[in-house]
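Given next are the chains, with one letter for each unit.
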Amino acid sequence: IAPKAPTHLLVIPNDHFTFLSGLTPERDAMVGAMFRAATEMANREGIVESGHRLVVNQGADAGQAVDHLHLHLLGGARLREMG
C-alpha cells in the first residue's frame, strides 16, 4: 500500500503468530524459513549484491499495523540509515 523502497516485499508465514516476544523453540523453524524465503526473494529481485534490509515491526510504536508476524524485504535503492 505504501512502499518504503523500490523493492518492498512481504514474507508472511502460514502459521499465525503475532509477537516475537512470545517466540518459543517450536517456532524457530518458522522464523528460519521466513529468513530463507527473504533471501530467495532478494536473489530473484537482483538486490543481494547491492544490499537489502529486513524489517519486523513489533507493536504500535514500531508501526505494526497487522497483527500477524511478517517480514518486510526492502531494497532496490540506497536506503536511509535508521536511527
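The structure we're discussing is the one just above.
A brief report on the enclosed structure follows. (Residues numbered from 1 in each chain as written. Predicted model: local features only at pLDDT ≥ 70, side-chain atom pairs only at ≥ 80, totals over all residues. Heavy atoms only, no water.)

1. Thoughts on the sheet that holds strand β1 (residues 7–11)
Step number 1: Strand order in the open sheet made by the 3 strands is β1-β3-β2, with antiparallel pairing throughout. Only two strands of the sheet have a single neighbouring strand rather than two, namely β1 and β2 (52–55). In this sheet, adjacent strand axes meet at a mean angle of 20° when their direction is disregarded.
Step number 2: As judged from the 5 bridges shared by β1 and strand β3 (residues 71–75), these two strands associate in the antiparallel manner. Across the sheet, the residue bridging to Leu-10 is His-72, located in β3.
Step number 3: Sitting on the sheet, helix α1 (residues 28–45) is in contact with β1, β2 and β3, with an inclination near 150° to β1. (Pairing = 2+ DSSP bridges. Helix = DSSP H or I, 4+ residues; strand = E, 2+ residues; numbered from the N terminus. Axes fitted to C-alpha atoms, helices over the stretch in contact; angles between N-to-C directions. Contact = heavy atoms within 4.5 Å.)

2. Let's talk about the pattern of salt bridges
Step number 1: Tallied over the full model, the rule gives 1 salt bridge.
Step number 2: With a closest N to O distance of 3.0 Å, Arg-27 and Asp-15 form a salt bridge. Residue Arg-27 is found in the loop between β1 and α1, and its partner Asp-15 is found in the loop between β1 and α1; the two are separated by 12 residues along the sequence.
Step number 3: Exposure remark for Arg-27: the relative accessible area of 22% places this residue in the partly exposed category. (Salt bridge = Lys/Arg side-chain N within 4 Å of Asp/Glu carboxyl O. Buried < 20%, exposed > 50% of the residue type's maximum accessible area, 1.4 Å probe, protein only.)

3. Let's talk about the environment of Ala-42
Step number 1: Note on placement: Ala-42 falls in helix α1.
Step number 2: In sequence terms Ala-42 and Gly-75 are 33 residues apart; their C-alpha atoms lie 8.2 Å from each other.
Step number 3: Residues contacting Ala-42, with those up to four places away along its chain left out, are Ile-47, Val-48, His-52 and Leu-73.

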